[in-house]
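# A look at the structure
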Amino acid sequence: MSETRLVWVNGKLLPLGEAALDPRDRGFTLGDGLFETMRVRKGTVLQLERHLSRLQAGAAVLGLSPLLENEDLTDAITRTLTANRLAEAAVRLTVSRGVTKRRGLLPEPDQNPSLVIHAEPFVGYPAELYDRGVRAVVSSTRRNERSPLARVKSLNYLDNVLARRAAEASGAGDALLLNTAGDLTCASAANLFLLLDGALVTPSVASGALPGTLRGLVVAELALRTGLEVVERAVRPEELAAADEAFLTNALLGVAPLTEVDALPVGRGVPGPVSVRLCAELRDE
């Protein structure tokens, strides 16, 4: 008999089948909210401080308040994991503006945000994904680098959904998104890195790249540990052909080699030594 999964909903742990939100919640009606997806290994939420920092920064952009303090959010995550007896997991934290008294787009000054935390068993993606690398296509969906939403994990992810659907329809594993200037920004749910002339180059946040938590770890720590310079700048799609190798990063994926784009090999078309080394560094981390 399968064990009942418990979900944190506004301060209570409820069985998955009983958990519910008011259908008037603005997260549902307007996509007015934020989310974070986190990896748990051996009972520890990896990069938790980075995740909560990004969540709080996003809440400030949206004017979403009062949001719980980080200590309270950490406690809620811990209690959810403990209640579900999960040590290897993926955690999704979702916060929305909640239910307001009036209709329309403008929120009210007094807010009562909804908080949902859902945890599922997760031990990582198959090893063959990292041995073979990710095959991607360049999506026709453009990312608006001028929008403040490009820099927060809002509940509106439909551009990313459409890009990933188109990639799957073409037989690829992911999609790379360009911005309105035609520069590379990111994959559908991951950040992008290229090895060019001995340096790691990644699309800048100003280009429309989401400030990913693992992106931040690579830039601030892992690359330096391996002696690599990191350059954040606008990246043209034609630079993929000049790259020695490339990889994608996100909280659940870790570091995954990108070996093919639009049916053309990146580098030698196999996982490169830098990707492999950073994978090992991340495991040690």
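The present account deals with the structure reproduced in this document. (Residues numbered from 1 in each chain as written. Predicted model: local features only at pLDDT ≥ 70, side-chain atom pairs only at ≥ 80, totals over all residues. Heavy atoms only, no water.)

## Quick look at the overall build of the protein chain
What the protein chain contains, in helices and strands, is seven helices and 15 strands. In summary, the protein chain has a C-alpha radius of gyration of 19 Å against a globular reference of 19 Å for 285 residues, a match within 12%. Taken over the C-alpha atoms alone, the protein chain extends approximately 55 × 45 × 35 Å along its principal axes. Expressed as a percentage of the 285 residues in the protein chain, the buried residues total 48%. When the accessible surface of the protein chain is summed, it comes to about 14200 Å², and 54% of that surface belongs to carbon and sulfur atoms. The protein chain carries 32 positive and 35 negative side-chain charges, and their two centres are separated by 4 Å. (Helix = DSSP H or I, 4+ residues; strand = E, 2+ residues; numbered from the N terminus. Rg over C-alpha atoms; globule rule 2.2 N^0.38 Å. Buried < 20%, exposed > 50% of the residue type's maximum accessible area, 1.4 Å probe, protein only. Areas by Shrake-Rupley, 256 points an atom, 1.4 Å probe, with all protein chains shown as cover. Lys, Arg positive; Asp, Glu negative; His and termini not counted. Charge placed at Lys NZ, Arg CZ, Asp CG, Glu CD.)

## Things to note about helix α6 (residues 213-225)
Taking 1.5 Å as the rise per residue, α6 with 13 residues should run 18 Å; its terminal C-alpha atoms sit 17 Å apart, in good agreement. When the local axis directions of α6 are compared, the greatest deviation, roughly 45°, occurs at Val219. For α6, the full list of buried residues reads Thr213, Leu214, Arg215, Gly216, Leu217, Val218, Leu222 and Ala223. Positive backbone phi, at 75°, marks Gly227, one or two positions downstream of α6. (Expected span 1.5 Å × (residues − 1). Bend = angle between axes of the 7 residues up to and from the residue.)

## Some remarks on the packing of helix α2 (residues 48-62) against α6
How two helices pack is summed up by the angle between their axes together with the distance between the axes. Axis separation between α2 and α6 bottoms out at 9 Å; the angle between their running directions is 120°. Classified by the interaxial angle, the pair formed by α2 and α6 is oblique. Crossing hand, α2 versus α6: right-handed. Facing α2, whose interface residues are Arg50, His51 and Arg54, α6 presents Thr213, Gly216, Leu217, Ala220 and Glu221. Of the residues assigned to the contact of α2 with α6, the class counts are two nonpolar, three polar and three charged. (Axes fitted to C-alpha atoms, helices over the stretch in contact; angles between N-to-C directions. Parallel < 35°, antiparallel > 145°, perpendicular 65-115°, else oblique. Left-handed = near helix turned anticlockwise from the far one by under 90°. Contact = heavy atoms within 4.5 Å. Nonpolar A, V, L, I, M, F, W, Y, C, P; charged D, E, K, R; others polar.)

## Considering the pairing of strand β9 (residues 184-187)
Judged from the three bridges that link them, strand β8 (residues 174-179) and β9 form a sheet pairing that is antiparallel. When the sheet's bridge partners are listed, Leu176 is paired in β9 with Ala187. The loop that links β8 with its antiparallel partner β9 comprises four residues; one of these, Gly182, has a positive phi angle of about 85°. (Pairing = 2+ DSSP bridges.)

## Focus on the packing of aromatic side chains
The geometry of an aromatic ring pair comes down to the distance between the two centres and the angle between the two planes. Evaluation of the coordinates by the stated rule reveals three aromatic pairs. Judged by centre distance (5.3 Å) and plane angle (75°), the ring pair of Phe122 and Tyr125 falls under edge-to-face. Residue Tyr125 is classed as partly exposed on the basis of its relative accessible area, which comes to 38%. Look at Phe193 and Phe247: their rings are 5.0 Å apart centre to centre, the planes differ by 15°, and that puts the pair in the stacked class. (Phe/Tyr/Trp six-rings, centres within 6.5 Å; stacked < 30°, edge-to-face > 60°.)

## Description of the packing of α6 against helix α7 (residues 273-284)
Following both chains from N to C, one finds α6 and α7 inclined at 100°, their axes separated by 11 Å at the closest point. With respect to α7, the axis of α6 lies roughly perpendicular. Only Arg277, Leu278, Glu281 and Leu282 of α7 make contact with α6, whose side of the interface consists of Leu214, Leu217, Leu222, Ala223 and Arg225. A per-class count over the contact of α6 with α7 returns six nonpolar, no polar and three charged.

## A closer look at the pairing of strand β10 (residues 191-196)
Judged by how many residues are buried, β10 sits mostly within the fold: six of six residues are covered. Side chains Asn191, Phe193 and Leu195 of β10 all project onto a buried face; the interleaved residues Leu192, Leu194 and Leu196 project onto the opposite face, where all are buried too. Turn length for the β10-strand β11 (residues 199-203) hairpin, with the two strands adjacent in sequence and antiparallel, is two residues, and the turn residue Asp197 shows positive phi of about 50°.

## Focus: helix α5 (residues 158-169)
Given a rise of 1.5 Å per residue, 12 residues ought to cover 16 Å, and the 16 Å separating the end C-alpha atoms of α5 matches this to within 8%. Along α5, the residues classified as buried are Asn160, Ala163 and Ala167. Down the axis of α5, the buried side of the element spans an arc of 65°, and every buried residue falls inside it. Within α5, the exposed residues directed more than 90 degrees away from the buried face are Leu158, Arg165, Glu168 and Ala169. Of the surrounding elements, those touching the buried residues of α5 are β7 (134-143) and β8. Phi turns positive, to about 90°, at Gly171, one or two residues after α5. (Arc of directions from axis to C-beta.)

## Looking at the nonpolar core
Nonpolar side chains in soluble globular proteins tend to end up buried together. Counting residues in hydrophobic clusters, the biggest one holds 24 residues, and the most contacted among them are Leu55, Ile77, Leu81, Val91, Leu93 and Ile117. Where this core is concerned, the elements lending two or more residues are β3 (33-41), α2, α3 (70-83), β5 (89-96) and β6 (114-121). One finds Leu184, Leu194, Leu240 and Leu258 within the second-largest nonpolar core, a separate group that totals 22 residues. (Core = buried A, V, L, I, M, F, W, Y, C linked by side-chain atoms within 4.5 Å.)

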